[in-house]
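For reference, the chains in residue letters:
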Amino acid sequence: MGKKKPRPRRSFTPEFKAEIVELCRRGDRSVGQIAKDFDLTETAVRLWVSQAEVDAGERDGLTSGEREELASLRRENRRLREDVEVLKRATAFFAKETR
């Protein structure tokens, strides 16, 4: 038996995701059927529906805006830590030079 090749990572617009979520909420078709019809993974569709419920206040969790802010803050924190590390090295270098 051969291994399946992983599907390349795709990105979707917020409008497309909202449309898929709306189709799921109508209840005409199952999540699995909608995923199959649009060539999506069932897991991705379920995550989109779950995130839409969080954003609408129907479920506990981080909203999309909060997730974006958290990612931004983590990037900034990482950059600042790197800056501090560079400054520490520079301080050590110049301390050796003045002796």
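Reading guide: rules and limits
Just so you know, the residues in each chain are numbered from 1, in the order the chain's sequence is written. Given that this is a predicted model, residues contribute local features only at a pLDDT of at least 70 and side-chain atom pairs are listed and counted only at 80 or more, while totals for whole chains, interfaces and linings are drawn from all residues. Excluded from the side-chain calculations are hydrogens and water; all other atoms, namely the structure's heavy atoms, are used. Only DSSP runs of H or I reaching four residues or more are called helices, and only runs of E reaching two or more are called strands; each is numbered from the N terminus. In this description the radius of gyration comes from C-alpha coordinates, and the expected globular size is given by 2.2 Å times residues to the power 0.38. The buried label goes to any residue with under 20% of its type's maximum accessible area, the exposed label to any with over 50%, and the partly exposed label to all in between, with areas taken from a 1.4 Å probe on protein chains only. The contact definition used throughout considers only heavy atoms, calling two residues in contact when any of these lie within 4.5 Å. Asp and Glu count as negative and Lys and Arg as positive, but His and the ends of the chain are not part of the count. Note that the charge is assigned to NZ on lysines, CZ on arginines, CG on aspartates and CD on glutamates. Here the aromatic set is Phe, Tyr and Trp, taking the six-membered ring for Trp, and pairing holds for ring centres within 6.5 Å; pairs whose planes are under 30 degrees apart are stacked, those over 60 apart are edge-to-face, and all others are tilted. Polar contact is the term for a pair of N or O atoms within 3.5 Å; when the atoms are in protein, one must be able to donate a hydrogen and the other to accept it, and sequence-neighboring residues count only if both atoms are side-chain atoms. For this analysis, a salt bridge means a side-chain nitrogen from Lys or Arg found within 4 Å of a carboxyl oxygen belonging to Asp or Glu.

Asks: Where do I start with the overall build of the chain in this structure?
Replies: Helix and strand counts for the chain come out as four helices and zero strands. By the compact-globule yardstick of 13 Å for 99 residues, the chain is too spread out, its C-alpha radius of gyration being 23 Å. With the C-alpha coordinates of the chain rotated into their principal frame, the extents come out at 80 × 45 × 20 Å. When burial is assessed residue by residue, the chain has 14% of its 99 residues classed as buried. A separation of at least 24 residues holds for 37% of the contacts in the chain among residues at least 6 apart in sequence. Charge separation in the chain, taken as the distance between the mean sites of 23 positive and 19 negative side-chain charges, equals 9 Å.

Asks: It is not clear to me how the packing of aromatic side chains should be interpreted in this structure. Could you clarify?
Replies: Aromatic ring pairs are described here by two measures, namely the spacing of the ring centres and the angle between the planes. Summed over all chains, the structure comprises five aromatic pairs. Between the aromatic rings of Phe 16 and Trp 48, the centroid separation amounts to 6.2 Å while the plane-to-plane angle is 85°, which identifies the pairing as edge-to-face. With Phe 16 in helix H1 (residues 14-26) and Trp 48 in helix H3 (residues 42-55), this pair connects stretches of sequence that are 32 residues apart. Overall, Trp 48 belongs to the buried group, its relative accessible area being 13%. Between Phe 93 and Phe 94, the ring centres sit 5.3 Å apart and the planes meet at 75°, which makes this aromatic pair edge-to-face. Exposure remark for Phe 94: the relative accessible area of 52% places this residue in the exposed category. An aromatic cluster is built from Phe 12, Phe 16, Phe 38 and Trp 48, whose rings are joined through pairwise contacts.

Asks: Where do I start with the side chain of Gln 51 in this structure?
Replies: Positionally, Gln 51 belongs in helix H3. Accessibility expressed as a relative area gives 17% for Gln 51, which makes it buried. A polar contact of 3.1 Å, which involves the side chain of Gln 51, links it to the backbone oxygen of Leu 62. With residues up to four places along the chain from it excluded, the contact list for Gln 51 reads Leu 62, Thr 63, Ser 64 and Arg 67.

Asks: Quick question: what am I supposed to make of the pattern of salt bridges here?
Replies: Working definition: two side chains of opposite charge can pair if their charged atoms are close together. Throughout the structure, instances matching the rule amount to seven salt bridges. In this structure, Arg 10 and Asp 39 form a salt bridge, with 3.8 Å as the shortest nitrogen-oxygen distance. In this pair, Arg 10 sits in the segment before H1 while Asp 39 sits in the loop between helix H2 (31-37) and H3, placing the two residues 29 residues apart along the sequence. Among the residues examined, Asp 39 registers a relative accessible area of 43% and is labelled partly exposed. The shortest N-O distance in the salt bridge between Asp 83 and Arg 79 comes to 3.1 Å. With Asp 83 and Arg 79 both in helix H4 (residues 64-97) and four residues apart, the pair spans about one turn of that helix.

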